[in-house]
There are 2 protein chains.
Amino acid sequence: MNVVVIGANGQIGKHLVNQLHAHEQHEVTAMVRKEGQKKELEDRGIQAVLVDLEGSISELESAVSGADAVVFTAGSGGHTGPDKTLLIDLDGAVKSIEAAKNANINRFVMVSAFQAHNRDSWADSPIKPYMVAKHFADETLMQSGLDYTIVRPGGLQNEPGSGKVLAGENLERGSIPREDVAATIVEALEAPNTYQKGFDLITGVDTISDAIEKI
Amino acid sequence: MNVVVIGANGQIGKHLVNQLHAHEQHEVTAMVRKEGQKKELEDRGIQAVLVDLEGSISELESAVSGADAVVFTAGSGGHTGPDKTLLIDLDGAVKSIEAAKNANINRFVMVSAFQAHNRDSWADSPIKPYMVAKHFADETLMQSGLDYTIVRPGGLQNEPGSGKVLAGENLERGSIPREDVAATIVEALEAPNTYQKGFDLITGVDTISDAIEKI
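Just so we're clear, the structure is a prediction, and the values are computed from it rather than from any experiment. (Residues numbered from 1 in each chain as written. Chains lettered and ligands numbered in written order. Predicted model: local features only at pLDDT ≥ 70, side-chain atom pairs only at ≥ 80, totals over all residues. Heavy atoms only, no water.)

To continue, consider the sheet that holds strand E3 (residues 47–50) of chain A. Sheet strands line up and pair through hydrogen bonds in the backbone, either parallel or antiparallel. All names here are of chain A. An order of E3-E2-E1-E4-E5-E6-E10-E8-E11 is seen for the nine strands of this open sheet, with the pairing classed as mixed. One side of each edge strand has no neighbouring strand; the edge strands of this open sheet are E3 and strand E11 (206–207). Sheet analysis places strand E1 (residues 2–6) next to strand E2 (residues 27–32), joined by five bridges and oriented parallel. Among the inter-strand pairings, valine 5 is bridged to a residue of E2, identified as alanine 30. (Pairing = 2+ DSSP bridges. Helix = DSSP H or I, 4+ residues; strand = E, 2+ residues; numbered from the N terminus.)

The next thing to look at is the sheet that holds strand E6 (residues 147–153) of chain B. Residues and elements named next belong to chain B. If you walk across this open sheet you meet the nine strands as E3-E2-E1-E4-E5-E6-E10-E8-E11, and the pairing is mixed. Both edges of this open sheet fall to strand E3 (47–50) and strand E11 (206–207), since each of them pairs with a single strand only. Where strand E4 (residues 69–72) meets strand E5 (residues 107–111), four bridges bridge the pair, whose relative direction is parallel. Pairing of alanine 69 across the sheet is with arginine 107, part of E5.

Right, let's talk about the interface of chain B and chain A for a bit. Taken together, the contacts link 20 residues of chain B with 20 residues of chain A. Between chain B and chain A, a total of about 1,700 Å² is buried, with carbon and sulfur atoms accounting for 68% of that surface. Of the charged contacts, one joins aspartate 91 of chain B and arginine 119 of chain A as a salt bridge, the two residues approaching to 2.5 Å between their closest N and O atoms. Our count for the chain B to chain A interface comes out at four residue pairs in polar contact (both at pLDDT 80 or more). (Contact = heavy atoms within 4.5 Å. Buried area = accessible area lost by both parts, 1.4 Å probe. Salt bridge = Lys/Arg side-chain N within 4 Å of Asp/Glu carboxyl O. Polar contact = N/O pair within 3.5 Å; in protein donor to acceptor, adjacent residues only side chain to side chain.)

We now examine helix H6 (residues 178–189) of chain A. All names here are of chain A. Over its twelve residues, H6 runs 17 Å from end to end, which matches the ideal 16 Å to within 8%, given 1.5 Å per residue. H6 sits mainly inside the fold: nine of its twelve residues count as buried. Those residues of H6 lying buried are Arg178, Asp180, Val181, Ala182, Thr184, Ile185, Val186, Ala188 and Leu189. (Expected span 1.5 Å × (residues − 1). Buried < 20%, exposed > 50% of the residue type's maximum accessible area, 1.4 Å probe, protein only.)

Its rotation angle being 180 degrees, the transformation that places chain B on chain A also includes 0.0 Å of axial translation and leaves an RMSD of 0.0 Å. Seen this way, the second copy is the image of the first under a two-fold rotation axis. Nearest to the rotation axis, the C-alpha of proline 82 of chain B is located 2.8 Å from it, this being the minimum over chain B. Comparing interface residues between copies, 100% of those in chain B also sit at the interface in chain A, which points to an isologous, same-surface contact. (Least-squares fit on C-alpha atoms with pLDDT ≥ 70 in both.)

All names here are of chain B. Within the fold, threonine 29 resides in strand E2 (residues 27–32). The class for threonine 29 is buried, based on a relative accessible area of 6%. Side chain to side chain, threonine 29 and glutamine 47 meet in a polar contact 3.5 Å long.

Let's shift gears to empty space enclosed by the protein. The gaps of empty space that remain are located by a probe, the size of a water molecule, rolled over the atoms. Residue and element names in this part refer to chain B. Taken as a whole and judged by the stated rule, the model has one cavity of 30 Å³ or more. Roughly 40 Å³ of volume is contained in the largest cavity. The wall of the largest cavity is formed by Ala116, His117, His135, Asp138, Glu139 and Met142. Tallied by class, the residues present in the lining of the largest cavity amount to two nonpolar, two polar and two charged. (1 Å grid on protein atoms, 1.4 Å probe; cavity = no way out; pocket = protein on both sides within 12 Å on 5 of 7 lines; lining within 4 Å. Points joined across faces, edges and corners; volume = space filled by probe spheres on them. Nonpolar A, V, L, I, M, F, W, Y, C, P; charged D, E, K, R; others polar.)

As structure tokens, then:
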């Protein structure tokens, strides 16, 4: 698969780009916001494209055109300013979904947030505005008609991945290394049993391929 | 009709509550956030209910239960903090839509923002995050299955209403007194030709009833 990673310079995005670049069956295009990021990737032999997620849908459409799949992992969690939460996590995501549809790319993987589908779980959360943005981006994806998968990781860690995870529709809160989130996305990309589904994802006892098979 | 006004203490909300209260064919319930607001309304013989839009859908459902129509006019424009934009203008609106559905209230009028349906028109707007929130609240309403009407007023003025407006799917930017926005909502409530539709609204040459008839 030729996979476009939106948010390629993010913490999960970087792992994902490296894993896809190293993967025998995939090619990756890293979508980044800054010229310096693009150059650094190209110096490493990785295809990169410069797009501002606050720009137009048609710019995004050109950037994803020709790919087989799009992964959206832009946004930096619940602690950016709420203006950016609306413009990137919600509107940027929805414009990416529109761009994928316009470019006839059916496969779309969204990096969401733990329990984003379950409003009750974040009623009193200190990052509730962020959860609202993720929730509505996910809702839009679910109604898009695309072959989507929504990955909802628990607390994100920088530790090296363990390769062992637990994936399920509603899990008790846990945490997970970003490297394992990226590896789970790579594994899910070509797994049709994960289409039209979302799942929470934390560190667990299953290998990533077993966890994906059980979705 | 028994009409619940969500955001009854807002600038359009106050006009709307007064007009509905004075109207022979309507009864109004004013939904407000503060005990003092509730008491003031009740002292004037207006039914009021205390609900926090940041609360649960079930609270909202209880508050709207038994009504024939819901009007959402909460939120104070593009200049509140963006956290509140997400929590009130987007999430509060969507929870209100859910509450109306749960309570089997089919009629829902949304006070939106000028050209909120037309992303290109606010690509460079200084209040773009607000427009994003309004846009997605409207999108959710359009997919709700309710008999909705989305009213998208131009620049809001405090002048007394002129009773003359222009309503249309895509208008050149103009302005309109809040009193006329409220009067247009009252007129639209029982006009089935405005169901499943949205329109821009500015001051114009039509009487409000003519403008509504032409929708």
